[in-house]
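Analysis of the macromolecular model
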Amino acid sequence: GESVGLHLPTLSVQEGDNSIINCAYSNSASDYFIWYKQESGKGPQFIIDIRSNMDKRQGQRVTVLLNKTVKHLSLQIAATQPGDSAVYFCAEETGGFKTIFGAGTRLFVKA
Amino acid sequence: DTAVSQTPKYLVTQMGNDKSIKCEQNLGHDTMYWYKQDSKKFLKIMFSYNNKELIINETVPNRFSPKSPDKAHLNLHINSLELGDSAVYFCASSPMPGELFFGEGSRLTVL
């Protein structure tokens, strides 16, 4: 069956350090992957996306890496700030407008 | 000028009752969704509508009935509420597959 992501882990980083959040996916036919950020009490918010014909995409302080060989995604956040504290989800567009979310990773940023 | 708005934000009710959650988007998107987020933050797709037509129905109990009077609105009616229905329900709209704009969520508590 389809599945994206791992059981909800927690990542704790020091302010100013870089953060790396990992995600595994199982549907090798998917060709579009997205990272979302969910702050407490709010809905998930689109951060960055990547298509399967790329292996890296950069945004402002965020980078997404895609390894199709091992079906792995990662989100790198540079110079992590307290405002980055949230739950991060990888998501997979499996076709026909069906977007499947992984279990999420909670990021804590220590001041 | 909230893009995706849901009402009510909080809902507390007794088992067996019927309740509705409303959603409206002013983004002009053709596709809208309902997702359910459980206490472990897992986000599960329930329904998707494209231009008022149901396109995704993820084996949700038929006590849940979505209705889309027009492409800017997608409401969710739940009959005979059960304890396990307690969750946060998110509405979302989308201009393209994978890119979702979420509302702030409606927290349903069934007692």
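Our subject is the structure that appears above.
Residues numbered from 1 in each chain as written. Chains lettered and ligands numbered in written order. Predicted model: local features only at pLDDT ≥ 70, side-chain atom pairs only at ≥ 80, totals over all residues. Heavy atoms only, no water.

This paragraph deals with the overall build of chain B. When helices and strands are counted, chain B shows zero helices and 11 strands. The C-alpha radius of gyration of chain B comes to 13 Å, within 12% of the 13 Å expected for a compact globule of 111 residues. Projecting the C-alpha coordinates of chain B onto the three principal axes gives extents of approximately 35 × 25 × 25 Å. Put simply, chain B has 111 residues, and 45% of those count as buried. Here chain B has roughly 5500 Å² of accessible surface; of this, 50% comes from carbon and sulfur atoms. (Helix = DSSP H or I, 4+ residues; strand = E, 2+ residues; numbered from the N terminus. Rg over C-alpha atoms; globule rule 2.2 N^0.38 Å. Buried < 20%, exposed > 50% of the residue type's maximum accessible area, 1.4 Å probe, protein only. Areas by Shrake-Rupley, 256 points an atom, 1.4 Å probe, with all protein chains shown as cover.)

Here the focus is the side chain of S48 of chain B. Residue and element names in this part refer to chain B. As for its position among the elements, S48 is in strand β5 (residues 43-50). A polar contact of 3.4 Å, which involves the side chain of S48, links it to the backbone oxygen of M32. Look past the residues within four positions of S48 in its chain and what remains in contact with it is T31, M32, Y33, E53, L54, I55 and I56. (Polar contact = N/O pair within 3.5 Å; in protein donor to acceptor, adjacent residues only side chain to side chain. Contact = heavy atoms within 4.5 Å.)

Of note, P82 of chain A is situated in the loop between β7 (72-77) and β8 (86-93). In this structure, the C-alpha to C-alpha distance between P82 of chain A and Q14 of chain A, residues 68 residues apart in sequence, is 9.1 Å.

A side chain of one charge can pair with a side chain of the opposite charge if their charged atoms are brought near each other. Inspection of every chain in the model, using the stated rule, returns nine salt bridges over all chains. Ionic pairing is found between E39 of chain A and K37 of chain A, a salt bridge with its closest N-O pair at 3.2 Å. Given a relative accessible area of 15%, K37 of chain A falls into the buried group. Two residues, K98 of chain A and E58 of chain B, come together in a salt bridge whose shortest N-O distance is 3.0 Å. Taken together, the residues span two chains, with K98 of chain A in the loop between β8 and β9 (99-101) and E58 of chain B in the loop between β6 (53-57) and β7 (64-70). (Salt bridge = Lys/Arg side-chain N within 4 Å of Asp/Glu carboxyl O.)

Our next topic: the sheet that holds strand β8 (residues 73-78) of chain B. All names here are of chain B. Sheet architecture is open: four strands sit in the order β1-β3-β8-β7, paired in antiparallel fashion. Among the strands making up the open sheet, the edge pair consists of β1 (4-7) and β7. Taking the axes of each pair of neighbouring strands and ignoring which way they run, one obtains an average angle of 15° across the sheet. Of the pairings in the sheet, the one linking β7 to β8 comprises five bridges and is antiparallel in character. The residue bridging K67 from the neighbouring strand is N75, located in β8. (Pairing = 2+ DSSP bridges. Axes fitted to C-alpha atoms, helices over the stretch in contact; angles between N-to-C directions.)

This paragraph deals with the interface of chain B and chain A. Counting residues at the interface gives 24 residues for chain B and 22 residues for chain A. Taken together, the two surfaces of chain B and chain A that pack against each other cover about 1800 Å², and 60% of this comes from carbon and sulfur. Taken together, chain B and chain A are joined by one salt bridge. Taken together, the links from chain B to chain A amount to seven residue pairs in polar contact (both at pLDDT 80 or more). Counting residues per element, the ones that place at least two in the side of chain B that touches chain A are β4 (31-37), β5, β6, β9 (87-96) and β10 (99-102) of chain B. Take the side of chain B that touches chain A: its biggest share by element is four residues, from β4 of chain B. Class assignment for the residues of the side of chain B that touches chain A results in 12 nonpolar, six polar and six charged. (Buried area = accessible area lost by both parts, 1.4 Å probe. Nonpolar A, V, L, I, M, F, W, Y, C, P; charged D, E, K, R; others polar.)

Here we come to the state of the cysteines. The final tally for this structure, using the stated rule, is two disulfides over all chains. Here C23 of chain A connects covalently by a disulfide to C90 of chain A, the sulfurs 1.7 Å from one another. Across the S-S bond linking C23 of chain A and C90 of chain A, the dihedral sits near 50°, which makes this disulfide right-handed. One end of the pair, C23 of chain A, is in strand β2 (residues 19-24); the other, C90 of chain A, is in strand β8, with 67 residues separating them in the sequence. Bridging C23 of chain B to C91 of chain B, the disulfide has an S-S length of 1.9 Å. Disulfide C23 of chain B to C91 of chain B: torsion about the S-S bond roughly -80°, handedness left-handed. Here C23 of chain B, found in strand β3 (residues 19-25), pairs with C91 of chain B, found in strand β9; they are 68 residues apart in sequence, far enough to count as distant. A single burial state applies to C23 of chain B and to C91 of chain B, both of which are buried. (Disulfide = S-S within 2.5 Å.)

So far we have only geometry, and geometry alone does not tell us how the molecule works.
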